[in-house]
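Structural features, examined
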Amino acid sequence: MLTLPPHGQDPKNVLKNMQAMRANDARWQDGKTFSLVFDPGEEARQLLKDAYCLFFSENALNPSAFPSLRRMEHETVAMTAGLLNGNDQVAGNITSGGTESILMALKTARDYARDQRGITEPNIVLPITSHPAHDKAGAYFNIEIRHAPTQTDYTADVDAMAALIDDNTILIGGSAVQYAQGVVDPIQDIAALAQEHDLLCHVDACIGGFMLPFVEKLGYPVPLWDFRVPGVTSISCDLHKYAYASKGASAILYRDAALRRYQFHAYMDWPGGIYASPTMAGTRPGGALAAAWAIMQHLGEAGYLAIAKDVMHSTQQIADGIAAIDGIQVLGTPHMSIIGIGASHSGLTGLDIYHVGDELQARGWMADRQQHPNSLHLTISRGHHGREQAFLTALAEAVEAAQNQPIKHATTQASLAIANGLTRLLPSRVFGAVSRTANKLSGGDGVPKRSAALYGMLSSLPARGELQELVLDALDSLHSLPKNHTATQTKDKTSES
Ligand SMILES: *Cc1c(COP(=O)(O)O)cnc(C)c1O
């Protein structure tokens, strides 16, 4: 059992131990990871840290205690709303991230529909490509989430969505862009459908919100998706992605304050006083909000535009490079800087894209695995500028090396969901544990060392429920200390001198 160190340690010693812990962390500084880290460069990164530290102790739970935070939240929301072509009526809040923003949008829709339409068994209709935060919201707030298939270009199939709407539908939505292939859903058609049925319409712009407006200004074709589209009633837009803010910052925006009111929570009878809070969190860190405000002030329109220009060039270079490699292809026609890479049917036959992912990883590059169709994911951002050729070289080598390996496709959705989650979350020790468990369940022998082999093995597991248990076990072990854990070496103050 790990306990508090009996005596406190010197700050220097604490920091030294923490530095040592980072030895095996993903090396995002090399530009070899995709989607987990968005780096604005050294000067801006320092500003984020300084701004964060300046408001390190402040709490945005009570805005009247900290007028500075209140002002920064208001201005950050307003700047974001302006970027997304909202007018003065748009109201919103800063949250801890895209998931909280989406949770808030769906909770708001539920309470709005209950109040305005008396709906007690609500459902929401979304394309299957919508981010799982929507499914999390459904599970948390008792809302049924209905998924419609996409079209062959991976955008939402609006007819298929229409077919899922019934009297209990409260909201429909789409993404700008969706995560897997980086395309913008036909938001104009979705919003028109929402209006026709008198429904709310949420646009998930968590990843595209601070990129698409600049991509459009640069002259690339971008379908309309923001507050210019009549019928769009809320938009989630992360700041800790393409706004390059520090982690823990996203915006949730509503077309007007009357709708946002359903987001709020107030409890009147607490002995501690009347408790009113705008979002999920109680205590809200001032630092994350301050850093988000600061980076917008620092980069400004011109700064974001310049970064977007570089990122789009990097994306073009990488997309062209992928097209030139026999055996793989870019999926669909991405609208910005997110690319899904799949095996191509015209080139080599029988290339397993997951083997390519393993081979990339062996070369130090981390690309997430995706399903339906099997593919690899790239979110290209500022940190990849100048690394395009190095990536393409590694990719070509990886395809070459993967060619001679047998296909072990995961055949079920659930098995791939596990494998995807695992490769994303997985420290090697947990990978081993899950592999062993999965292996036992499937009655096989030998523990696969590579994720492609794990996918193959998982696909032979029989029941979806069993697979879900396996994922939950994996999460459980990820969020526990390993059995052989030994406490960080402590030196107490007395032995230090
Ligand atoms: C990242 C993302 C989210 C969730 O945001 P978090 O900040 O990870 O909670 C939702 N939707 C899309 C499209 C995303 O890319």
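Small disclaimer: the values here were computed from a predicted structure and weren't measured.

1. A closer look at empty space enclosed by the protein
- Tallied over the full model, the rule gives two cavities of 30 Å³ or more.
- The volume enclosed by the second largest cavity comes to roughly 30 Å³.
- Every residue lining the second largest cavity is listed: Phe210, Met211, Phe214, Tyr242, Tyr244, Tyr304, Ile307 and Ala308.
- When residues of the lining of the second largest cavity are assigned to their parent elements, the largest contribution, three residues, is made by helix α10 (residues 286-323).

2. Quick word on unusual backbone geometry
- Cis geometry is adopted by the peptide bond preceding Val177, which originates at Ala176 and carries an omega value of -5°.
- Among the structural elements, Val177 can be located in the loop between β4 (169-175) and α7 (187-196).
- That bond from His372 to Pro373 is cis: its omega, 0°, falls within 30 degrees of zero.
- If you trace the backbone, Pro373 turns up in the loop between β12 (368-370) and β13 (375-379).
- One non-glycine residue with positive phi stands out, namely Asn85, at about 60°.
- Within the fold, Asn85 resides in the loop between α3 (67-83) and β1 (91-95).
- For Tyr154, which is not glycine, the phi torsion reads 75° and is therefore positive.

3. Digging into the sheet that holds strand β11 (residues 338-343)
- Spatial ordering of the open sheet is given by β10-β11-β13-β12, a layout of four strands whose pairing is antiparallel. The outermost strands of the open sheet, each flanked by one partner alone, are β10 (328-330) and β12. Neighbour-to-neighbour, the strand axes of the sheet open up by a mean angle of 35°, direction not taken into account.
- Two elements, β11 and β13, share four bridges in a ladder whose sense is antiparallel. Bridging across to β13, Ile339 finds its partner in Leu378.
- The strands that α10 touches are β10, β11 and β13; relative to β11, the one it contacts most, it runs at about 5°.
- Sheet contacts for helix α11 (residues 353-362): β10, β11, β12 and β13; angle to β13, the most-contacted strand, approximately 45°.

4. Some points on the sheet that holds strand β5 (residues 200-204)
- Spatially, seven strands are ordered β1-β7-β6-β5-β4-β2-β3 in an open sheet, and the strand pairing comes out mixed. Strand pairing shows two members of the sheet lacking a second neighbour, β1 and β3 (144-148), which therefore form its edges. Between one strand axis and the next, the sheet turns through 20° on average, direction left out of account.
- Strand direction decides the pairing type here: strand β2 (residues 123-127) and β3, joined by five bridges, are parallel. Bridge pairing links Ile124 to Ile145 in β3.
- Across the sheet, helix α5 (residues 133-141) touches β2, β3 and β5, and the angle it forms with β3 is around 150°.

Scoring rules and cut-offs
- Residues numbered from 1 in each chain as written.
- Predicted model: local features only at pLDDT ≥ 70, side-chain atom pairs only at ≥ 80, totals over all residues.
- Heavy atoms only, no water.
- 1 Å grid on protein atoms, 1.4 Å probe; cavity = no way out; pocket = protein on both sides within 12 Å on 5 of 7 lines; lining within 4 Å.
- Points joined across faces, edges and corners; volume = space filled by probe spheres on them.
- Helix = DSSP H or I, 4+ residues; strand = E, 2+ residues; numbered from the N terminus.
- Pairing = 2+ DSSP bridges.
- Axes fitted to C-alpha atoms, helices over the stretch in contact; angles between N-to-C directions.
- Contact = heavy atoms within 4.5 Å.

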